Amino acid sequence: MKVSTSWLSDYISLDGVTADELAEKITAAGIEIDGVENRNKGITGIVTGYVKSKEKHPDADKLNVCIVDAGQGEDLQIVCGAKNVEAGQKVPVALVGAKLPGLVIKKAKLRGVLSQGMICSAKELGLNDKLLPKELQEGILVLPESTEIGLDITKVLDLNDEVLEFDLTPNRSDCLSMIGAAYEVSAILGRELKLPQPEKDIVEAGGSAANDISVRILNEELCSHYTARYITGVKPAASPLWIQNRLMAAGVRPINNIVDITNYVMLEYGQPLHAFDADTIDGGILGVRLADEDEVLTTLDGQERKLEPHMLVITDAAKAVALAGVMGGLETEVTGSTVNIVLESAKFDGGTVRKTSRQLGLRSEASLRFEKEVDPNRVIPALNRAAALIAKYAGGTVHEGIIQAGTDVVEEKVLTLSLDKLNRYLGTDLSLLEVKTLFGRLHFKCGDAAQGLIEVQVPTRRGDISYDVDLIEEIARLYGYGNIPTTPIEGPTTPGTLTRSQAIRREVRRLLSHGGYQEVLGYSFIQPEQSKLFPALTGEGLAVKLAMPMSEERSVLRTSLLPQLLDIAGYNTNRRQSDLALFEIGNVFYTEEEVLTRQPHELPMLGLLLSGTRAAKQWNVPVQPVDFFDLKGALETVFDHLGLTGRVVYEGDAPEGYHPGRSASILLKGPEGAVRIGTLGQLHPDLQRKLDLTDTYVAEVSLQPLYEAARNKLQYHELPRFPGVERDIAVVVDTAVPAGQLMDSIRENGGSLLQNVQVFDLYTGGKLESGKKSVAISLVYRHNEHTLTDEEVAEVHDKVLSELQQTFGAELRK
Amino acid sequence: MKEKLEALKAEALAKLQEVSDPQVLNDLRVKYLGKKGELTEVLRGMGSLSAEERPVIGQVANIVRGAIEEIIGTKQEVFQQQETQNRLQAEKVDVTLPGRRLPQGGIHPLSRVVQGIEDIFIGMGYRVAEGPEVETDYYNFEALNLPKNHPARDMQDSFYLTEDLLMRTQTSPVQIRTMQAMKGEAPVKIICPGKVFRRDDDDATHSFQFHQIEGLVIGRNIRMSDLKGTLQQFVQEMFGPSTGIRLRPSFFPFTEPSVEVDVSCFKCGGEGCRLCKQSGWLEILGAGMVHPNVLRMGGYDPEEFSGFAFGMGVERIAMLKYGIDDIRHFYNNDMSFVKQFKGL
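On a predicted model such as this, the values are computed, not experimentally measured, just so you know. (Residues numbered from 1 in each chain as written. Chains lettered and ligands numbered in written order. Predicted model: local features only at pLDDT ≥ 70, side-chain atom pairs only at ≥ 80, totals over all residues. Heavy atoms only, no water.)

Caption draft 1: How the structure looks around the overall build of chain A. Broken down by element type, chain A carries 21 helices and 40 strands. On C-alpha atoms alone, chain A measures out to a radius of gyration of 42 Å, which is more than a quarter above the 28 Å that the 2.2 N^0.38 rule sets for 814 residues. The principal-axis extent of the C-alpha atoms belonging to chain A is close to 130 × 85 × 60 Å. Of all 814 residues assigned to chain A, the portion counted as buried reaches 52%. Contacts spanning at least 24 positions in sequence make up 69% of the contacts within chain A whose residues lie at least 6 apart. Carbon and sulfur atoms form 49% of the exposed surface of chain A, whose accessible area is close to 37,200 Å². Taken as two groups, the 84 positive and 114 negative side-chain charges of chain A have centres that lie 5 Å from each other. (Helix = DSSP H or I, 4+ residues; strand = E, 2+ residues; numbered from the N terminus. Rg over C-alpha atoms; globule rule 2.2 N^0.38 Å. Buried < 20%, exposed > 50% of the residue type's maximum accessible area, 1.4 Å probe, protein only. Contact = heavy atoms within 4.5 Å. Areas by Shrake-Rupley, 256 points an atom, 1.4 Å probe, with all protein chains shown as cover. Lys, Arg positive; Asp, Glu negative; His and termini not counted. Charge placed at Lys NZ, Arg CZ, Asp CG, Glu CD.)

Caption draft 2: Examining the domain arrangement of chain B more closely. Assigned domains within chain B: domain 1 (2-90) and domain 2 (109-338). Spacing between the C-alpha centres of domain 1 of chain B and domain 2 of chain B amounts to 91 Å. (Domains from an automatic or database assignment.)

Caption draft 3: Representation of the packing of aromatic side chains within the structure. Residues and elements named next belong to chain B. Applying the stated rule across the entire model yields 25 aromatic pairs over all chains. Geometrically, the ring pair formed by F121 and Y126 is edge-to-face, given 5.0 Å between the ring centres and 70° between the ring planes. Here F121 and Y126 have matching classes, each one buried. A ring pair is formed by F252 and F254, whose centres lie 6.1 Å apart and whose planes are at 15°; its orientation type is stacked. (Phe/Tyr/Trp six-rings, centres within 6.5 Å; stacked < 30°, edge-to-face > 60°.)

Caption draft 4: Focus on the layout of surface pockets. Residues and elements named next belong to chain A. Approximately 1,800 Å³ is the volume found for the second largest pocket. If you go around the second largest pocket, you meet 41 residues; those closest to its centre are K632, E636, Y650, G740 and M743. Among the elements of the structure, α17 (628-641), β33 (648-651), β34 (658-670), α20 (739-750), β38 (754-764) and β39 (772-781) are those that each provide at least two residues to the lining of the second largest pocket. A total of eight residues in the lining of the second largest pocket trace back to one element, the largest contributor, which is β38. Counted by class, the lining of the second largest pocket contains 19 nonpolar, 12 polar and 10 charged residues. Shared between two domains, the lining of the second largest pocket holds at least three residues of each, these being domain 5 (500-709) and domain 6 (725-812). (1 Å grid on protein atoms, 1.4 Å probe; cavity = no way out; pocket = protein on both sides within 12 Å on 5 of 7 lines; lining within 4 Å. Points joined across faces, edges and corners; volume = space filled by probe spheres on them. Nonpolar A, V, L, I, M, F, W, Y, C, P; charged D, E, K, R; others polar.)

Caption draft 5: Up close: the sheet that holds β38(A). Residues and elements named next belong to chain A. Pairing is antiparallel in the open sheet, where four strands are placed in the order β38-β39-β37-β40. Only two strands of the sheet have a single neighbouring strand rather than two, namely β38 and β40 (811-812). In terms of strand pairing, β38 meets β39 through nine bridges, oriented antiparallel. Looking across to β39, one finds that Y763 is bridged to S774. Contacting β37 (725-734), β38 and β39, α20 runs over the sheet at an angle of about 150° to β38. This element, helix α21 (residues 790-808), spans β37, β39 and β40 of the sheet and lies at about 10° to β37. (Pairing = 2+ DSSP bridges. Axes fitted to C-alpha atoms, helices over the stretch in contact; angles between N-to-C directions.)

Caption draft 6: Inspection of the UniProt feature "domain: TRNA-binding" (unreviewed entry) in chain A at higher detail. Mapped onto this structure's residue numbering, the UniProt feature "domain: TRNA-binding" (unreviewed entry) falls at residues 40-154 of chain A. A distance of 7 Å separates the end C-alpha atoms of residues 40-154 of chain A, which is 6% helix and 43% strand. (UniProt positions renumbered as here; feature names shortened; annotations may be inferred.)

Caption draft 7: The arrangement of the UniProt feature "binding site: Mg(2+)" (unreviewed entry) in chain A in detail. Residue and element names in this part refer to chain A. Following the UniProt record, the feature "binding site: Mg(2+)" (unreviewed entry) maps to D464, D470, E473 and E474 here. Residues that both appear in the annotated list above and line the second largest cavity are D464, E473 and E474. One can find D464 in the loop between β27 (453-458) and α14 (468-479). You can call D464 partly exposed: its relative accessible area is 21%.

Caption draft 8: The pattern of salt bridges, seen in detail. All names here are of chain A. Under the criterion given, the structure shown has 56 salt bridges over all chains. R246 is paired through a salt bridge with D10; the nearest N and O atoms lie 2.7 Å apart. Placement of the pair is R246 in helix α7 (residues 241-249) and D10 in the loop between α1 (5-8) and α2 (19-28), with a sequence separation of 236 residues. The class of R246 is buried, set by a relative accessible area of 10%. Judged by relative accessible area, which is 33%, D10 ranks as partly exposed. A salt bridge links R462 to E474; the shortest N-O distance between them is 2.7 Å. Placement of the pair is R462 in the loop between β27 and α14 and E474 in helix α14, with a sequence separation of 12 residues. Like R462, the residue E474 is buried in the burial classification. If you follow the salt bridges from partner to partner, you end up with R172, D174, E184, R462, D464, E474 and R477 in one network. (Salt bridge = Lys/Arg side-chain N within 4 Å of Asp/Glu carboxyl O.)

Structure representation (structure tokens):
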């Protein structure tokens, strides 16, 4: 809402307060002022003048030589290039020495002809010429014939005005009007208001309006009050300049006196009005009802609109003539030849107007105000105000009486506020008198306060105030938020903590980042095809689609972190950063429902990606490409820190999207068997090629099972007091035998004496027959109570070896 | 015999004096002092000496031995020093060559900011709470005092999945979920970080996905002055001890009164600079006293309990704190960006 301080001064004195100071005060009290615009862009020395004659320039086709009387004693000769300049016009004249934005006027010769000034366009005067008719945008500004000459143009166009841009929050629609703004400023400055009194200004004549028009409401729940006045003998023409100036200051385009006055009153009262050409209203009957199925209406903009049964329309005896609160109909529009009008002022349901205006893409100053609910007690004052102005400035006769349907009595709400609660709520110590004074500035009437309870009467213009806390806010903002004390919270103290899952995520984040992995953050939305690249750790779930995605690329909720990690890897690879060790912790989503009826599952996941070399090229470190075991080792470290070593197993079952020979499922063993919690491996070469990546390894692990399985309590183990006995063996088996199974067998048979098993070498080829491999394993035996004898070790170790031979056909390599 | 010894000494000393090679020195030591050395050889003839001569010659022999040993010792020390010198010379490294670093990963700048904020509030006795990213219309809007058709829903255009399910547009639903889970117990002191989603076209300052952190305190006597005190403490820990706050009235459907909170610009200290657009203040938080309708929805009687809530955009704080000019950096995850955020 643009609030002209010049206009505002009609209602409240702004003496001694600059526009900038006012802006600061209003902002501090709750309505942010986005900017203060001075309508005078720095012009001086421009006066109104009269074009006495216009002759063609002797040497230039496009120029005219005008003789202008600008009230300077002598006539001025001015060369003017505007197409629309004509003798007999009143125009703004920049005298020699005048200043315009970026321009100083000098005496000059144009193609040999003396020019003693310049006739100005609206744009040259710094006006927003987009609000003017096209011919005035292209040529000079033509002033009304009645304009006196020799006047300072800044006075004529009311340019010595500063406009405050109110950035209104949705609750403060009361300030969508000049009067509302005046109330706010009055509360802030503590100054009196003087408001228009239209009921006193209006002069009724020409018989009862009821003889010519009638109104009725069919859907009262959607229109609580519908009022009209009948005005005859209007003369549509340009509005007086002062009205045009104010409309332009507010950013509204002047059209003609009738339309301008309805707009003016809408800006003044916040109540949108509409004028119908009365002679086009069939039967003189205006009705309010919901549209019929398939009903059509051609609106003011010439478009034929197909209406729907939820839309509210105004009808005459035969048909719909307007979309209530949204836009008038073309057929009943006020035109240059209109003589009699019906002026409408009504309260339409905000939600209905919003739905209609949105659906038809017709959002206007009027619909905006109806949407936020207009003040029911301004329907009639606004109607009277407009009627009085039309009578005065458009020559109409206002017929007797207001024709109306619905209720015109809306009681003001009375709320009870406890002074004690107010002070407890804010932490203040305000007295009853202080509080009542502040309500007085707001023009909220207070009843007598009994036992600290104040009865506050809330004017209907403040529809946002429904609870005592709303009143507390009013007091707080006028008292000043800066004046509220700063205190610590009183009462019991509470321990601050992370939940277990949060603590685990932090541990994982810390561990991986210290181990060289960089955390990244991807988007939760991916492409539908991306959701099918990797196996669903999310069970047999379906991807969840957005109802209205912004793009296909981001149209489903991610079912895996890996597609985003690959995108991030691609982004960096394209920027010559392909040595990547990345991780992300985030949620994935899935549902079992074909048609979603409840929240989808949301699972926290850990994703990892590794590519390139282990370390950047450096003089003393060999360049080694990363491999499967680098990534697996990272995961093993994570599991180890969570106390899960021994419970996690890897199965080479070639999950989807992965290289079949270099990938595994990750299983967590529990009391009810092993469950798959993740996948790990090299990206399938086909996918890698498609994504234009180098050799890339990825892993994804579901965190929820880890939250549950992770060690609860760190426990000290006594240090070994007796030396261990180490035995290294080399086991030759078929290459297909997984090392993990050899280790499992060794652990099982080594029993409690076996403290540690470690693969320390792997060998194929050479002297070994093909299809065989040699796995070198180091075993450590130890007893906690005594030093092991050779015999004790031999007993266990032999069992380990013979089991390896029997189960795996292993041969011990010398 | 004495002459013999003197001659031996003179010869030995002369030879040893000239030695410049450790091997030669060792050979000479054997030659003179070894078991079959020349001095031993001479002393072997001591048996034929008289009882008077024997101690005299013995003394001379000891002096000779001492002199030879001394010079050998001195020479050995010189050689050892030389050898050490040579070794040190040979082992010299170019200290300006780079060393082998510890692996260096890092956490994402947004995680870093979230953890920092969490830690401040944990220190103030807050629990960290979480909620789902897909919310119901009820938790995201209705329970927060935004009934269907509420004009304030204009402020947030959302990603709906169905008519009733949407990507949460704010972390505030966690407030309701927490209150309901607490079943009327007080005090409630939580901080909820998380991802939120709004239909914004991405540009330098907008992202359809971003992060918020929201705080909620409910108790029997929570005042707006406590909100000020809490936020004052927070901004001092977050941005430095000289940071101040300024509260401006605002509007959120779920708080009443509602406030926008500015902090004094931590770059210029309030003098006015480019970061704060010459105003001296940075807008970073929205806050307010929990609306009675919201308390009621959460299962708390507004006549008995009151509370405050506050929320902030993590990206905005990170951008201000680190001087980042484009929000898209956070989600592009360019390594040359994300790896900058390490250390203190």
